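Structural characterization, general
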Amino acid sequence: MEVLRPNLINIGGRIYRKNTVREAAHRNEEEEDDFYREPVQCADEPCDDFMIEETEKGFQSSINLPSQLFKYIIGKKGETKKNLESETHTFISIPRPGMEGEIVITGQKRNGVISARTRIELIAETFRKRQQFTHFLSFALNQPEIQDGFLQFKEEVLSKCSKDYGIQSSIFQNPAKLHLTIGTLVLLNENEVTQACQLLHSCKDEFLYKIAAGKPMDVEVSGIEYMNDDPATVDVLYAKVQMKDGSERLQLIADRLMQRFVGSGLMLREWDRVKLHATIMNTLFRRDPLGEERATISPGKPGQRERESFDARNVLK
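Notes on the structure follow. (Residues numbered from 1 in each chain as written. Predicted model: local features only at pLDDT ≥ 70, side-chain atom pairs only at ≥ 80, totals over all residues. Heavy atoms only, no water.)

1. Quick look at helix H6 (residues 249-264)
Stated precisely, the cut-off is as follows: Per the convention used, a helix needs a DSSP run of H or I reaching at least four residues, while a strand needs a run of E reaching at least two, with both numbered from the N terminus. The length a helix should cover is 1.5 Å for every residue beyond the first. A 1.4 Å probe rolled over the protein chains alone gives each residue an accessible area, and that area as a share of the maximum for its type sets the label: buried under 20%, exposed over 50%, partly exposed in between.
Its 16 residues give H6 an end-to-end C-alpha distance of 23 Å, which sits within 8% of 22 Å, the value for a rise of 1.5 Å per residue. Inspection of H6 places Arg249, Leu250, Gln251, Ile253, Ala254, Asp255, Leu257, Met258, Phe261 and Val262 among the buried residues, and these make up the whole buried set. Just downstream of H6, glycine 265 is the residue with a positive phi angle, here 90°.

2. Overview of the packing of helix H2 (residues 79-88) against helix H3 (residues 110-129)
Using the following cut-off: Throughout, an axis means a line fitted to C-alpha atoms (over the contacting stretch in the case of helices), and angles, computed between N-to-C directions, take values from 0 to 180 degrees. The scheme is simple: roughly parallel for angles under 35 degrees, roughly antiparallel for over 145, roughly perpendicular for 65 to 115, oblique for anything else. Helix crossings are classified by the rotation of the near helix relative to the far one: an anticlockwise turn of less than a right angle makes the crossing left-handed, while a clockwise turn makes it right-handed. What makes two residues a contact is simply this: any of their non-hydrogen atoms within 4.5 Å. Put simply, Ala, Val, Leu, Ile, Met, Phe, Trp, Tyr, Cys and Pro go in the nonpolar bin, Asp, Glu, Lys and Arg in the charged bin, and everything else, Gly too, in the polar bin.
At a minimum axis distance of 9 Å, the contact between H2 and H3 shows a crossing angle of 150°. With respect to their mutual orientation, H2 and H3 come out roughly antiparallel. The handedness of the crossing between H2 and H3 is right-handed. Note on element contacts: H3 touches H2 through Gly112, Ser115, Ala116, Arg119, Ile120 and Ile123, opposite Thr80, Leu84, Glu87 and Thr88. Of the residues that constitute the contact of H2 with H3, the class distribution is four nonpolar, four polar and two charged.

3. Quick look at the side chain of histidine 277
So the rule is basically this: Here a polar contact is recorded for every N or O atom pair within 3.5 Å, except that within protein the pair must consist of a potential hydrogen donor and a potential acceptor, and residues adjacent in sequence are included only if both atoms are side-chain atoms.
Following the sequence through the fold, histidine 277 ends up in strand S12 (residues 277-282). Relative accessible area serves as the criterion here: at 3%, histidine 277 is assigned to the buried category. Within polar-contact distance, the side chain of histidine 277 engages the backbone oxygen of lysine 275 at 2.7 Å.

4. Concerning the packing of aromatic side chains
For the record, the criterion: Each Phe, Tyr or Trp ring, with Trp reduced to its six-membered ring, pairs with another whose centre is within 6.5 Å; inter-plane angles below 30 degrees give stacked pairs, above 60 give edge-to-face pairs, and intermediate values give tilted ones. Here, a charge over a ring means that NZ of Lys or CZ of Arg falls within 6 Å of the ring centre while also lying within 35 degrees of the ring normal.
Considering all chains together, one arrives at four aromatic pairs under this definition. Ring plane angle 35° and centroid distance 4.9 Å describe the contact between tyrosine 72 and phenylalanine 127, whose orientation is recorded as tilted. With tyrosine 72 in helix H1 (residues 70-74) and phenylalanine 127 in helix H3, the pair connects residues that are 55 residues apart, well separated along the chain. Residue tyrosine 72 shares its accessibility class with phenylalanine 127, and that shared class is buried. Every member of this aromatic cluster is reached through a ring pair, and the members are Phe150, Phe153 and Phe172. Above the plane of the ring of phenylalanine 207 lies arginine 256, whose end atom (NZ or CZ) is 4.4 Å from the centre.

5. Quick word on helix H4 (residues 144-161)
So the rule is basically this: Our arc is simply the arc of the directions from the helix axis toward the C-beta atoms.
In this model H4 runs 25 Å from its N-terminal to its C-terminal C-alpha over 18 residues, within 8% of the 26 Å that 1.5 Å per residue would give. Buried within H4 are the following residues: Ile146, Phe150, Phe153, Val157 and Cys161. Taken around the axis of H4, the buried residues stretch over an arc of 60°, which confines them to a single face. Exposed residues pointing more than 90 degrees away from the buried face of H4 are listed as Pro144, Glu145, Gln152, Glu155 and Ser159. Contact partners of the buried residues in H4: strand S10 (219-226), strand S11 (236-243), S12 and helix H8 (313-316).

Laid out in structure tokens, this is it:
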């Protein structure tokens with residue numbers, strides 16, 4: 001890690017500096033081991049924009065996390081929890097296995113409670129990054145003219161390029177599922193699903209209607225691009241999406257949605273801005289018609305299926 005260019009991590013809209021550690025041997029995620037031992041520091045001053053309550057005995061903060069995460073915070077034989085408590089001089093109360101509830105951190109010093117909470121949130125964030133997404137936020141592109149254009153494109157590609165390596169009908173998107181993805185989410189229980197729905201509804205009132213200015217937003221789906229450097233070995237081909245009037249309204253809405261969901265901790269930030277695109281060919285579909293965006297835009301993550309690329313040079317022509 002460069003001293004002047006540290007590795008930064010975004011957790012709930014807050015930025016933390018990640019310290020350098022030696023990589024340990026890979027272990028099964030299901031083992032209740034010390035899931036994340038690395039101490040974390042805020043980039044500058046203590047990160048205290050969450051609620052810290054002052055009590056008679058000191059300070060307290062509560063974190064509402066899904067019960068699936070508890071074992072990673074506890075660690076093998078309770079070692080992770082013990083280390084957190086020892087290093088931050090706090091006491092961490094975690095609901096019993098199988099029980100939902102809040103994790104409560106108490107301590108005599110405010111900074112200790114802040115540090116413990118920050119590190120617990122980092123453990124949760126690390127776990128989410130290792131999971132396949134469960135939901136995604138998107139705009140449907142299901143207008144008949146878009147679907148008809150896509151079917152014409154598919155027919156022409158199959159008639160002219162079917163002899164090219166890897167091109168088969170199975171790698172085309174279902175026209176009924178054409179969509180513009182804003183981002184992917186790992187929602188671990190019904191409470192988080194409800195939270196995501198409530199957040200989406202609040203976005204309508206906060207900025208969506210204002211940006212749209214009460215007018216329909218006519219978009220154009222035109223042109224294709226690929227997501228790697230070599231057009232002869234492509235995994236994903238996508239259609240470009242833009243506003244017909246040339247404005248940035250759609251981009252602005254997509255970026256604001258992404259920022260709000262990333263800030264909530266429900267969505268992982270993968271880009272500085274949302275890339276407006278509609279996947280039309282994806283080699284994940286060859287084996288799994290429900291395969292989606294995350295493995296295409298975030299290569300190398302655990303659980304990613306093996307894929308057989310295709311030659312897109314003639315398709316692009």
